[in-house]
Each structure stands twice: as structure tokens, then as C-alpha cells.
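As a plain string of letters, each chain reads:
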Amino acid sequence: MKTILIVDDAATVRMYHRSILEGAGYAVDEAVNGIEALEKALSASYDLYLVDVNMPKLDGYSFVRELRAHADIPQAPAVMVSTEAKPSDQAKAYLAGANLYLIKPTRPDVLLGHVRLLLGEAGR
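Residues numbered from 1 in each chain as written. Predicted model: local features only at pLDDT ≥ 70, side-chain atom pairs only at ≥ 80, totals over all residues. Heavy atoms only, no water.

Some thoughts on the side chain of Arg-14
In this fold, Arg-14 is placed in helix H1 (residues 11–23). Residues contacting Arg-14, with those up to four places away along its chain left out, are Ile-6, Asp-8, Asp-9, Glu-30, Ala-31 and Val-32. (Helix = DSSP H or I, 4+ residues; strand = E, 2+ residues; numbered from the N terminus. Contact = heavy atoms within 4.5 Å.)

Comments concerning the packing of H1 against helix H5 (residues 108–118)
Think of two packed helices as two axes; the pair is described by the angle between the axes and how far apart they sit. At their nearest, the axes of H1 and H5 sit 10 Å apart, and the two run at 65° to each other. Crossing handedness for the pair H1 and H5: right-handed. In this structure, H1 uses Tyr-16, His-17, Ile-20 and Leu-21 to contact H5, whose residues at the interface are Pro-108, Leu-111, Leu-112 and Val-115. Of the residues in the contact of H1 with H5, the class split is seven nonpolar, one polar and no charged. (Axes fitted to C-alpha atoms, helices over the stretch in contact; angles between N-to-C directions. Left-handed = near helix turned anticlockwise from the far one by under 90°. Nonpolar A, V, L, I, M, F, W, Y, C, P; charged D, E, K, R; others polar.)

Some points on the environment of Ala-78
Here Ala-78 shows up in strand E4 (residues 78–82). The spatial distance from the C-alpha of Ala-78 to the C-alpha of Arg-68 is 9.7 Å, given a sequence separation of 10 residues. Ala-78 has contacts with Tyr-49, Val-64, Arg-68, Ala-98, Asn-99 and Leu-100, leaving out every residue within four places of it along the chain.

Considerations on the nonpolar core
If you look at the biggest cluster of nonpolar residues, it comprises 24 residues, and the most contacted ones within it are Leu-5, Val-7, Tyr-49, Val-51, Tyr-61, Phe-63 and Met-80. Listing elements by their share of this core, those giving two or more residues are strand E1 (3–7), helix H2 (34–43), strand E3 (48–52), helix H3 (60–69), E4 and helix H4 (87–96). With four residues, the top contributor of residues to this core is H3. Those residues within four positions of Phe-63 in sequence are excluded, and the remaining contacts are Val-7, Gly-34, Ala-37, Leu-38, Tyr-49, Val-51 and Leu-58. Ranked by size, the runner-up nonpolar core spans 17 residues in total, among them Ile-4, Leu-21, Ala-24 and Val-115. (Core = buried A, V, L, I, M, F, W, Y, C linked by side-chain atoms within 4.5 Å. Buried < 20%, exposed > 50% of the residue type's maximum accessible area, 1.4 Å probe, protein only.)

Things to note about the packing of aromatic side chains
This model, assessed by the stated rule, comprises two aromatic pairs. Ring geometry for Tyr-49 and Phe-63: centres 5.8 Å apart, planes at 65°, overall edge-to-face. Taken as a pair, Tyr-49 in strand E3 and Phe-63 in helix H3 lie far apart in primary sequence, 14 residues in all. The burial state of Tyr-49 is the same as that of Phe-63; both residues are buried. (Phe/Tyr/Trp six-rings, centres within 6.5 Å; stacked < 30°, edge-to-face > 60°.)

Here it is as C-alpha cells:
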């Protein structure tokens, strides 16, 4: 079973994403900010990261940059999700090392389609 780490400071968003992903058969873990997510990534292995952009302590861009720079963390796809819809926000996410940038709220079928594609499970 593939495991996804949801990184978001909003409990309602974590719960929304968790219900979609668990409903599709994924194991889900959560972190409330980038610092907690980095600590978890150093002690557990994840198949995909679903990361909010705007968070306290360590924002999504910084988290993904740290994730990509850490030799001790196995590299996995990172999907950034945000209410920020400007092309410059998307460009910043890709420069930080994100694989995909989605605008909140993301429809469940769209989120799952992208997750499956990034995990090599398209058509599932």
C-alpha cells in the first residue's frame, strides 16, 4: 500500500484530502507544517507528498526545497496545493522541486487522477 504525507496547517483541509486518499486505498499520514513534515520524512518513507504552500514555521516551498536537498530522504513526488493561482506561484513551486501544482479546492477525481499518474498507477 502506498503512503502519502499530507502537509497542511488547516485541519479541515487535511481531513478532506485524507478522506479522498484513504477512500482510494492509500495509507495517509499528516503533518501540520514543514518542520514536522521534514522530521517525519527523515524517520519514515513516503511515496508522495501533498503539500500546502502557506504554512507557519516552514512554508511549502521551503519544505520541498529541503526535501530535495536532503540525501537521507528517498525522493518521492511532491504535489503542492494552494489557493494562490498566479503563474508566478506555480513557477516558484516548480523551481523548489515540486512535481505538480494544484489550486484549492481540488476536485476529488482530479486529485486522484494526478496522484495515480505520479505514482505510476494511471488507469487504476
